[in-house]
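Chain by chain, the residues:
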Amino acid sequence: MRSVEDRSGDLVFGEGPRAVVVDGAADFREVESADPRRRGWLLGEWIGAGLPEAVATGEFGAGFGRFVALVHDRERRRLEVHVDRHGLMPFFRVSSRDPLLLCARVQPLLDRGLAQGSLDHTALAQALAFHTPLGPRTLVTDVASVGPGAKLVVDLESGNVEKERSWDPAVPLSGEGEPYEALREEIVEAFLEGFGRCVAGEGPIGVTLSGGIDSRCLLAAGFARGLPIEAYNASVPGSRSALYAERLAAMTAASLHAHGVGMDFAEGYAARLRGVVELCDGLTFSSEVEAHWLREYADGPTVMLHGAFGELSKLGKMHFHELVPPVAGAPREGLVEAHWSRFASHYEKNVAVLAPDLRASLGDRARETLAERVDGVDPAFDAARVMQVLYFEEFMAKVTKWSARVWNDRLPTRFPFAYPRYVDALLRVRSEDRLTQPSQMDILRRTAPELFRFPDGNTGARVDSPRWLIQALTLANKVRTVLTASRKTLDHSDRLTWLAGMKPSAREILFDESAADLFDRAAIEQTLDFVLGNTPAPVFGPVAAVRHRIARHGFAEAIQKALQLQFWREYSGVRGI
C-alpha cells in the first residue's frame, strides 16, 4: 500500500504542491490542446470533435461524453478541473486537506490515509431514502463529489479554489417554454445527430434492449442506418420483457443475446451486489445487479448504447423524481411533503433493520435534506421544473453515473439521449407537452414505424394509447403479478426469488459478527422471515393478498440495502459507525 507521501503515480500541480490528482498518472491521458500555453488531460471519453479547442478555451459545457478534463494554464499559473455537464464521470475531492486532493475513486483516498474514513450519517440516510447521497456528499465524511458541470479553478500560487458551473439545467428551464410542435423537427434531428456521433466508426453496436420505448429508439435508429446490432436483454424467464425483446430483435434483424435472471442468478446474488458496491464505492443503493450480470456477456460490440436520459420527454416517469399527481398539484410550499411521501415508507423499512443507535442518529435527516435541496431551487419554479432539476442533479448525476461505471468497467457505453443539442432543445419544451413520450414516438415514426406500433414492454399497450388505458393496464399488471404469481410482468427484477436462493444466505451475511454494530438482529430476523414467506399470508381475500405481497417486495428492498451497507463497510474499511 502506498503511503501518504508517495506521489509517484499522482499528477502534481504547483509548488508545495497546491493540487494533487491521486493516481492521476494512470487514470488520465494527455490530450492535444489548440493553445500551447494550456496543457490538457482527460479521464473518460469525449465523443466527437472539438476537444483541443475546449482545452484551449476552457469551454466544456457543450461537450458530449462522460469525462473529467484537467487543464494546466501555465501562463496564468492555475489548474482547471472540468466535469461533464451531467456529472456522469465520478470525481471526488477531499475537503479537509491542503493541498487540494482529487481522485476518480473514493477507496484510494481511504487506502492511503488521505481521508479520515468515518461514516457520514446524513449521506447514509439520504442513500437509504433516495438510493444515493444528495448533493456533493459521499458515505465518507470528508470526501465530496465534484458535481455535474462543475469547473474548479485552483490558483497554483495561493491555493485558492473557486467553483463555477459550465452548464446548469435551471437556465433553460427558466424560460416560459415552447409548444412541442414548434420544436419537433429540431428535437428529432438532434437525437439522430447524437446517435450518429455515438456510432461513428464503431461496429457492431450493442443495445441494452428492455422492450420499452427508449431502448427501442436506439434499436430503430441503428436499424434505419443498416448497422449490425447486438441486442442484450436480461429478464426474468417468461416475462413480457424477455418476449418483447425477442420479437423486436427479430423485426430488425438484430442479433439477440437473451440471458434469463433465474435461479443460477439468484445463487450469485450476493456476489453481484458486492461487485457493484466495490465498483461504485458504495455510492449507489440501487441494485444494478442485472447490469453487472449482463455486461459479462457483451463480448461482440465495440460500444454499448443505453437509453438513459430518455425519461426527460416523459416527466410522469422520471424514476425517483417523477411528476406524479400529488407532486404536480402541490403548491410550492407543500412540494417537499408531497414529494417526500414517495420515499417515506421505503425509508422507514430500510432504517428499521439498523441497530438502534445508528437508526436514531439518522433520524429525520433524509427528509430535512430533501427540503434543503428543494428550497435551494429557484423559488419561481413550479413543481414540474423543480422535479426536472432534481432529476438531473440527483438521479442522472448519481444513479445513472454508477450504472454507467458498471457498464464502462467492461465496455464503452454511451447515451444518445444525453446529446447536448437534444437535451437543450427538449428543455425548451413546456412541461405540459412532455408528460408522455412525444419525441420518442416521433423518432420511431421517422426511423421504424413498425416498432412504433409494437406494444410497449412496460404496459403491453401501444405507446400512443390513451393515458387512462395505460394507467389501467399498469394497475392490472401489478395485481396480476401479486395474485397469480405471474412472471410475465416481473421484467428483470425478482428480489424475492433472488434473496431466497442466494448463497451464502442473507442471514449468514447479516448475522456475521462484523455487522453487529450495523443491524438489529431481531429486526433482521423478522424481516427475513416475512420476505422469504415464512410468515403466514393473510386469508382475508384478494386485497389483503395484494398488500401482503407488495409489502414483501418492499421489505426485500430493505434487505438488499442492508447487504449493500455491510459489503461497503467490509470493502471500505470504514469504522466508527
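Below is a short write-up of the structure. Bear in mind the structure is a predicted one, so any value in this text is a computation, not a measurement.

### Details of the side chain of E288
Position of E288 relative to the elements: it lies in the loop between α10 (269-279) and α11 (289-294). No salt bridge forms around the buried E288; measuring N to O, its nearest opposite-charge neighbour R495 is 9.8 Å away. In this structure, E288 is in contact with V276, V399, S403 and V406, ignoring residues within four places of it in sequence.

### A short note on the packing of helix α6 (residues 180-199) against helix α18 (residues 420-427)
At a closest axis distance of 8 Å, the pairing of α6 and α18 adopts a crossing angle of 160°. With respect to their mutual orientation, α6 and α18 come out roughly antiparallel. Viewed along their axes, α6 and α18 form a crossing whose handedness is left-handed. Facing α6, whose interface residues are L183, E186, I187, E189, A190, F191 and E193, α18 presents R421, Y422, A425 and L426. Looking at the contact of α6 with α18 residue by residue, the classes come out as seven nonpolar, no polar and four charged.

### Remarks on the pairing of strand β4 (residues 38-46)
With three bridges connecting them, strand β3 (residues 29-31) and β4 associate as antiparallel partners. The residue bridging R29 from the neighbouring strand is L42, located in β4. Hairpin remark: β3 followed by β4, antiparallel, with six residues in the connecting loop. Pairing of β4 with strand β5 (residues 65-73) involves nine bridges; the strand directions are antiparallel. Bridge pairing in β5 links R39 to H72.

### Focus on unusual backbone geometry
In this model, G203 is joined to P204 through a cis peptide bond whose omega is -5°. You can see P204 is positioned in the loop between α6 and β12 (205-208). A cis geometry characterises the amide bond from K503 onward to P504, with omega recorded as -5°. For P504, the position within the fold is in the loop between α22 (495-501) and α23 (506-510). Phi at D23 takes a positive value of approximately 60°, unusual for a residue other than glycine. Among the secondary structure elements, D23 is positioned in the loop between β2 (19-21) and α1 (24-27).

### Considerations on the nonpolar core
Within the largest apolar cluster, 160 residues are counted, with the highest numbers of intra-cluster contacts made by F191 and L563. Setting aside anything within four residues of it in sequence, one finds L563 in contact with L273, L499, M502, A506, I509 and L510. Within the second largest apolar cluster, 22 residues are counted, among which are V21, V83, L100 and L156.

### Focus on the environment of P331
Here P331 lies in the loop between α12 (325-328) and α13 (335-340). Taking relative accessible area as the criterion, P331 reaches 44% and is therefore assigned partly exposed. Residues P331 and V21, 310 residues apart in the sequence, show an inter-C-alpha distance of 45 Å.

### Considerations on the packing of aromatic side chains
Across all of its chains, the model carries 26 aromatic pairs by this definition. Connected via pairs of aromatic rings, a cluster forms that spans W167, F320, Y391, F392 and F395. When the ring centre of F381 is taken as reference, the NZ or CZ atom of R385 above it lies at 5.9 Å. The ring of F511 has R521 lying over it, and the distance from NZ or CZ to the ring centre is 5.3 Å.

### Quick word on the sheet that holds strand β14 (residues 255-260)
In space, the five strands of this open sheet follow the order β14-β13-β12-β15-β16, with parallel pairing throughout. Only two strands of the sheet have a single neighbouring strand rather than two, namely β14 and β16 (413-414). Note: β12 against strand β15 (residues 303-305), three bridges, orientation parallel. Of the residues in β15, the one forming a bridge with G206 is M304.

### Quick word on the pattern of salt bridges
A complete count under the given rule lists 45 salt bridges for this structure. A salt bridge links R37 to D35, with the shortest nitrogen-to-oxygen separation between them at 3.1 Å. For R37, a relative accessible area of 43% gives the class partly exposed. Owing to a relative accessible area of 14%, D35 belongs among the buried residues under this scheme. Across the salt bridge formed by D442 and R445, the nearest N and O atoms sit 3.0 Å from each other. Here R445 and D442 lie together in helix α19 (residues 438-447), a separation of three residues that amounts to about one turn. For D442, a relative accessible area of 9% puts it in the buried group. Residue classification places R445 among the partly exposed residues on the basis of a relative accessible area of 40%. Within this structure, R165, D168, R373, E393, E394 and K398 form a network of salt bridges that share partners.

### Re the pairing of strand β11 (residues 161-165)
Every other side chain in a regular strand lies on the same face of the sheet, so the side chains alternate between the two faces. With five bridges joining them, strand β10 (residues 150-155) and β11 adopt antiparallel strand pairing. Within β11, the residue paired with L152 across the bridge is K163.

Procedures and definitions
- Residues numbered from 1 in each chain as written.
- Predicted model: local features only at pLDDT ≥ 70, side-chain atom pairs only at ≥ 80, totals over all residues.
- Heavy atoms only, no water.
- Helix = DSSP H or I, 4+ residues; strand = E, 2+ residues; numbered from the N terminus.
- Buried < 20%, exposed > 50% of the residue type's maximum accessible area, 1.4 Å probe, protein only.
- Lys, Arg positive; Asp, Glu negative; His and termini not counted.
- Salt bridge = Lys/Arg side-chain N within 4 Å of Asp/Glu carboxyl O.
- Contact = heavy atoms within 4.5 Å.
- Axes fitted to C-alpha atoms, helices over the stretch in contact; angles between N-to-C directions.
- Parallel < 35°, antiparallel > 145°, perpendicular 65-115°, else oblique.
- Left-handed = near helix turned anticlockwise from the far one by under 90°.
- Nonpolar A, V, L, I, M, F, W, Y, C, P; charged D, E, K, R; others polar.
- Pairing = 2+ DSSP bridges.
- Core = buried A, V, L, I, M, F, W, Y, C linked by side-chain atoms within 4.5 Å.
- Phe/Tyr/Trp six-rings, centres within 6.5 Å; stacked < 30°, edge-to-face > 60°.
- Lys NZ or Arg CZ within 6 Å of the ring centre and 35° of its normal.

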